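# Understanding the architecture of this molecule
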Amino acid sequence: NQFIYHETDDEGLNKFNIRRESKVSGYIRIVEIENYDCVPCGGVHLDNLSQIKLIKVNGTEKIRGNIRISFLIGNNAINDYRTKFKTMISINRELSTKDEEALPSVLNLKSEISKLKLDLKKSYILYVDSIYESIIEDNSNFAEFIELPKTIFQELGKKLSTNMKLDTTNPF
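Residues numbered from 1 in each chain as written. Predicted model: local features only at pLDDT ≥ 70, side-chain atom pairs only at ≥ 80, totals over all residues. Heavy atoms only, no water.

## With respect to the packing of aromatic side chains
In the structure shown here, the tally under the stated rule is zero aromatic pairs. Over the aromatic face of Tyr 132 sits the side chain of Lys 159, whose NZ or CZ is 5.2 Å from the ring centroid. (Phe/Tyr/Trp six-rings, centres within 6.5 Å; stacked < 30°, edge-to-face > 60°. Lys NZ or Arg CZ within 6 Å of the ring centre and 35° of its normal.)

The following block contains the structure:
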């Protein structure tokens with residue numbers, strides 16, 4: 001397929017089978033890919049290709065059988081790299097790593113956090129069991145447990161409600 005460039009104005013725009021409306025009026029360039037697509041040109045026009053500086057492809061996605069390419073050009077691409085570079089320096093500083101060690105280090109930290117969460121949950125269960133036993137065996141007063149964290153108090157309530165049989169004959 002060939003690229004064909006057309007020049008027209010607002011009135012001449014109707015002669016083309018364009019896919020989307022033009023964002024400009026007056027003098028309009030039409031970019032056609034022969035037998036494929038026809039759109040009004042929305043790009044910046046350069047005097048020299050060196051003005052592009054850098055093209056950074058962000059990704060691709062398949063949409064209705066076509067491929068859409070997302071990219072940054074020029075200073076936008078440079079600023080994106082600059083931001084990511086500064087972020088990586090900060091991450092490396094925080095983790096005391098080199099670039100190639102950062103991802104394994106983050107994955108290791110995530111794994112450690114998961115293990116700590118599991119250990120915390122097990123500790124909660126042991127703590128709730130301990131309080132439960134104290135209440136049942138020692139006939140402890142609930143007032144001394146009011147300052148418990150909400151999650152502990154909730155678990156204790158569940159355990160008490162499922163394991164204690166209420167005496168319905170004596171309301172007090």
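After that view, the rundown keeps rolling.
## Points about helix 1 (residues 75–95)
The terminal C-alpha atoms of helix 1 lie 30 Å apart, and with 21 residues this matches the ideal 30 Å at 1.5 Å per residue to within 8%. Restricting attention to buried positions, one finds in helix 1 the residues Ala 77, Asp 80 and Asn 92. Down the axis of helix 1, the buried set is contained in an arc of 100°. They therefore lie on one face. Residues of helix 1 that are exposed and point over 90 degrees away from its buried face: Asn 76, Lys 86, Arg 93 and Glu 94. Looking one or two places after helix 1, you find Ser 96, whose phi comes out positive at around 55°. (Helix = DSSP H or I, 4+ residues; strand = E, 2+ residues; numbered from the N terminus. Expected span 1.5 Å × (residues − 1). Buried < 20%, exposed > 50% of the residue type's maximum accessible area, 1.4 Å probe, protein only. Arc of directions from axis to C-beta.)

## Brief notes about the sheet that holds strand 2 (residues 28–33)
Spatial ordering of the open sheet is given by 1-2-3, a layout of three strands whose pairing is antiparallel. Strands at the two margins of the open sheet, each flanked by one partner only, are strand 1 (3–8) and strand 3 (37–40). With direction set aside, neighbouring strand axes in the sheet form an average angle of 20°. Here strand 2 runs beside strand 3; their pairing, made up of four bridges, is antiparallel. Pairing of Ile 30 across the sheet is with Pro 40, part of strand 3. (Pairing = 2+ DSSP bridges. Axes fitted to C-alpha atoms, helices over the stretch in contact; angles between N-to-C directions.)

## Brief notes about the layout of surface pockets
In this model, the largest pocket occupies a volume close to 1,200 Å³. Elements supplying a minimum of two residues to the lining of the largest pocket: strand 2, strand 3, strand 4 (55–63) and strand 5 (66–73). The biggest single contributor to the lining of the largest pocket is strand 5, with six residues. Residues of the lining of the largest pocket, tallied by class, amount to 17 nonpolar, five polar and six charged. (1 Å grid on protein atoms, 1.4 Å probe; cavity = no way out; pocket = protein on both sides within 12 Å on 5 of 7 lines; lining within 4 Å. Points joined across faces, edges and corners; volume = space filled by probe spheres on them. Nonpolar A, V, L, I, M, F, W, Y, C, P; charged D, E, K, R; others polar.)

## Regarding the confidence of the model for the protein chain
Taken over all residues, the pLDDT of the protein chain has a mean of 84, while the share at 70 or more is 87%. Per-element averaging of pLDDT across the protein chain places helix 3 (residues 150–163) at the bottom with 79 and helix 1 at the top with 96. (pLDDT = per-residue confidence, 0-100.)

## Focus on a nonpolar patch on the surface
A cluster of nonpolar residues, Ile 55, Val 57, Ile 67, Ile 69, Phe 71 and Ile 73, forms a patch on the protein surface that exposes about 580 Å² of accessible area. Among the elements of the structure, strand 4 and strand 5 are those that each provide at least two residues to the nonpolar patch. Ranked by residues supplied to the nonpolar patch, first place goes to strand 5 with four residues. Within the element layout of this structure, Val 57 appears in strand 4. What makes Val 57 exposed here is its relative accessible area of 51%. (Patch = residues over 30% accessible without salt bridge, like charges linked within 9 Å, V, L, I, M, F, W, Y side chains within 5 Å. Areas by Shrake-Rupley, 256 points an atom, 1.4 Å probe, with all protein chains shown as cover. Salt bridge = Lys/Arg side-chain N within 4 Å of Asp/Glu carboxyl O.)

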